[in-house]
Amino acid sequence: MSDERPPNTTLFLLENFDAICNGTNVLFREFSYIKATPQNRLSFSAQYSALLNSNPEQNFKPADYFHLVELISTGFPYELIQRPVNVTEYILGLREPAPQNRENNSTLADGGGVIAAATGIAIPKKSFLLYFKLCFYYMEFMDLTRQCFQSVLKEYPEPIITKPPESDDLVVYTSKDLQSLKLLFVADLELSLENLPSFTKVPPRKNLTAAIERTFSGSQLTCASLHNCASLLQFELIRNVCLMETSI
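Values in this document were obtained by computation on a predicted structure and should not be read as measured data. (Residues numbered from 1 in each chain as written. Predicted model: local features only at pLDDT ≥ 70, side-chain atom pairs only at ≥ 80, totals over all residues. Heavy atoms only, no water.)

Colleague: Let's hear about the overall build of the protein chain: which residues, and what values?
Modeller: Helices and strands together make up the secondary structure of the protein chain, namely eleven helices and eight strands. Considering the protein chain as a whole, with its 248 residues, one finds that 43% of them fall into the buried category. A separation threshold of at least 6 residues defines the contact pool for the protein chain, and within that pool the share at least 24 residues apart is 73%. Total accessible area computed for the protein chain in this model is approximately 13300 Å², and 55% of it derives from carbon and sulfur atoms. (Helix = DSSP H or I, 4+ residues; strand = E, 2+ residues; numbered from the N terminus. Buried < 20%, exposed > 50% of the residue type's maximum accessible area, 1.4 Å probe, protein only. Contact = heavy atoms within 4.5 Å. Areas by Shrake-Rupley, 256 points an atom, 1.4 Å probe, with all protein chains shown as cover.)

Below is the structure:
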C-alpha cells in the first residue's frame, strides 16, 4: 500500500477487498507477498491456472512454465516450478528408468536423469498445474519432507547394491527395508513438525498418514543412488498426498 492517503479511503478499501475476494490482489506482486498467506497461495495458483488455460496449447516446456509465472509475479523462485515439473515427469514416465527386472510391476525405479529437462520435452499443463498447486500451497512442508527423506536414508544401514549387466551399480531396498525406513521417516517428520512455525500448512493428518503408508508400500525400491532414492520417495509422497487431498 502507498504511504499517501488515498482521496477516497472508503472506495480504496472496497477496491482492495474486492481484489482479495477475486484473487487479483496477488497479480504482479513480489513473491514475499504471494506466499504470505494460504489464501494468497490459492489465489495465485488460480490466476496462474487461468493464464495457462487461456492458451490453447495443452503442453509447455519447463522454461515456458517459468516464463509465464514471471509475467504475473516478481521474484518467483524457479525451484517452485522445477519441483512440480520433476514430479509430473516422474508420474508420466519421462524419467529414464534404471535397468531392472520388469517381472515385478510393483518395483519402483529412478535412473536419476531427467529426459524432459535435457531434451526440452513439453509436459501437459493439466498434470503440471495439479502438482504445482499442491507443492506451492505446502511449500515449507515439501522442503521438510525432502530433508527427512535424505536424513533417514543416510542413517539407515547400507542397502543392497546390485550391478546389472552393462550398467552402473543400483541401490535396492527390500519391502522390509521400506517398512523400517517408514518408521524412521515418521519419527523424524513428527519431530521436525514440532519445530515448524504454527502457520505452516501441513496436509490433514488422516490424508498424510495414508499417503505415507502408500509411499512405503512397494515390494522393492530401486534407484541409482541414495540422492535419487530421496527424490523418488518424495515424488511418490507428493503423488499420494495429491490423491488424498481435497482441501485445496
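Having seen the structure, we can now continue with the description.
Colleague: Could you give an account of the pairing of strand S7 (residues 170-174), with specific residues and numbers?
Modeller: Along S7, four of the five residues are buried, which leaves the element largely enclosed by surrounding structure. As paired strands, S7 and strand S8 (residues 220-223) are joined by four bridges and run antiparallel to one another. Bridge pairing in S8 links Val172 to Thr222. (Pairing = 2+ DSSP bridges.)

Colleague: Explain helix H9 (residues 175-194) to me, and be specific about the residues and the numbers.
Modeller: Between its first and last C-alpha atoms H9 spans 29 Å; for 20 residues at 1.5 Å apiece the expected length is 28 Å, and the two agree. Looking at H9, one finds that the buried residues are Asp177, Leu178, Leu181, Lys182, Phe185, Asp188, Leu189, Ser192 and Leu193. One side of H9 holds all its buried residues, which, seen down the axis, span an arc of 150 degrees. In H9, the exposed residues that point more than 90 degrees away from the buried face are Lys176, Leu183, Leu191 and Glu194. Looking at the buried side of H9, the elements it contacts are helix H8 (139-155), S7, helix H10 (205-215), S8 and helix H11 (226-244). (Expected span 1.5 Å × (residues − 1). Arc of directions from axis to C-beta.)

Colleague: Describe the side chain of Lys125, and please don't skip the residues or the numbers.
Modeller: Within the secondary structure layout, Lys125 lies in helix H7 (residues 125-137). One buried charge, Lys125, has no salt-bridge partner; the nearest side chain with opposite charge is Glu57, at 8.1 Å. The contacts of Lys125, once residues within four sequence positions are left out, are Leu52, Asn53, Asn55, Glu57, Gln58, Asn59, Phe60 and Tyr65. (Lys, Arg positive; Asp, Glu negative; His and termini not counted. Salt bridge = Lys/Arg side-chain N within 4 Å of Asp/Glu carboxyl O.)

Colleague: An account of helix H4 (residues 62-70) is requested, with residue identities and associated values reported.
Modeller: Every buried residue belonging to H4 is among Pro62, Tyr65, Phe66, Leu68 and Val69, and all of these are buried. All buried residues of H4 fall inside an arc of 160 degrees around its axis, so they share one side. Against helix H3 (38-53), strand S2 (59-60), strand S3 (73-74), helix H5 (79-91), strand S5 (123-124) and H7 lie the buried residues of H4.

Colleague: Could you give an account of the packing of H9 against H10, naming the residues involved and the relevant values?
Modeller: Orientation of H9 relative to H10, taken along the N-to-C sense of each, is 150 degrees, at an axis distance of 11 Å. When the interaxial angle is binned, H9 and H10 end up roughly antiparallel. Read as a crossing pair, H9 and H10 show a hand that is right-handed. On H10, the residues touching Gln179, Lys182, Phe185, Val186, Leu189 and Glu190 of H9 are Arg205, Leu208, Ile212 and Glu213. (Axes fitted to C-alpha atoms, helices over the stretch in contact; angles between N-to-C directions. Parallel < 35°, antiparallel > 145°, perpendicular 65-115°, else oblique. Left-handed = near helix turned anticlockwise from the far one by under 90°.)

Colleague: How would you explain the environment of Val171 if you had to name every residue and give the values?
Modeller: Following the sequence through the fold, Val171 ends up in strand S7. Remark: the alpha-carbon pair of Val171 and Cys229, spanning 58 residues in sequence, is separated by 8.2 Å. Residues in contact with Val171, not counting those within four places in the same chain, are Pro159, Ile160, Ile161, Leu221, Thr222, Cys223, Ala224, Ser225, Leu226 and Cys229.

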